[in-house]
Amino acid sequence: MKVMKNEVKKLGRPVNENSVRQLRIKELESKKELGLLKRGRPVNENSERQKRISELENKRINGELKKGRPVNENSERQKRLKELESKRELGLVKRGRPKKDNNEIAA
């Protein structure tokens, strides 16, 4: 019985380890491992936007930040909903489909 050995061939063209690009890639990887690699635009902590973001974060933590649009209590819809809720509490609102009378004849 023959035993076959698996030889792995490297695909593609050979890489020059001393090229400027390869040296830069190694340098960036080492900086990334040490946590020194900074990418993107730096953040200015004293900008108006950053102040606003921190203010909103503090409000969110304290529970003062409300989500969505405020409700107008004097609108027609809110008045109708309050009236409906009060009728529900008193038991005046019938739920579900109306009951069919047996006396009615279908036309």
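Residues numbered from 1 in each chain as written. Predicted model: local features only at pLDDT ≥ 70, side-chain atom pairs only at ≥ 80, totals over all residues. Heavy atoms only, no water.

**A word on the overall build of the protein chain**
So, step 1. Secondary structure summary: the protein chain contains 3 helices and 0 strands in total.
So, step 2. A compact globule built from 107 residues should have a C-alpha radius of gyration of about 13 Å, whereas the protein chain, at 36 Å, is more than 25% larger.
So, step 3. Principal-axis analysis of the C-alpha atoms places the extent of the protein chain at approximately 95 × 65 × 25 Å.
So, step 4. Across the 107 residues of the protein chain, 2% fall into the buried class.
So, step 5. Summed over all atoms, the accessible surface of the protein chain reaches about 12400 Å², with 50% contributed by carbon and sulfur. (Helix = DSSP H or I, 4+ residues; strand = E, 2+ residues; numbered from the N terminus. Rg over C-alpha atoms; globule rule 2.2 N^0.38 Å. Buried < 20%, exposed > 50% of the residue type's maximum accessible area, 1.4 Å probe, protein only. Areas by Shrake-Rupley, 256 points an atom, 1.4 Å probe, with all protein chains shown as cover.)

**Description of the pattern of salt bridges**
So, step 1. According to the stated counting rule, one finds 7 salt bridges in the structure shown.
So, step 2. For the salt bridge of Glu 73 with Lys 82, the shortest nitrogen-to-oxygen distance reads 3.3 Å.
So, step 3. With relative accessibility at 39%, the residue Glu 73 sits in the partly exposed group.
So, step 4. Between Glu 83 and Lys 87 there is a salt bridge whose closest N-O contact spans 3.7 Å. Taken together, the residues Glu 83 and Lys 87, both in helix 3 (residues 76-90) and 4 residues apart, mark about one turn of the helix. (Salt bridge = Lys/Arg side-chain N within 4 Å of Asp/Glu carboxyl O.)

**Quick look at the side chain of Gln 78**
So, step 1. Take Gln 78: it is sitting in helix 3.
So, step 2. Not counting residues within four places of it along the chain, the set of residues in contact with Gln 78 comprises Val 71, Asn 72 and Glu 73. (Contact = heavy atoms within 4.5 Å.)

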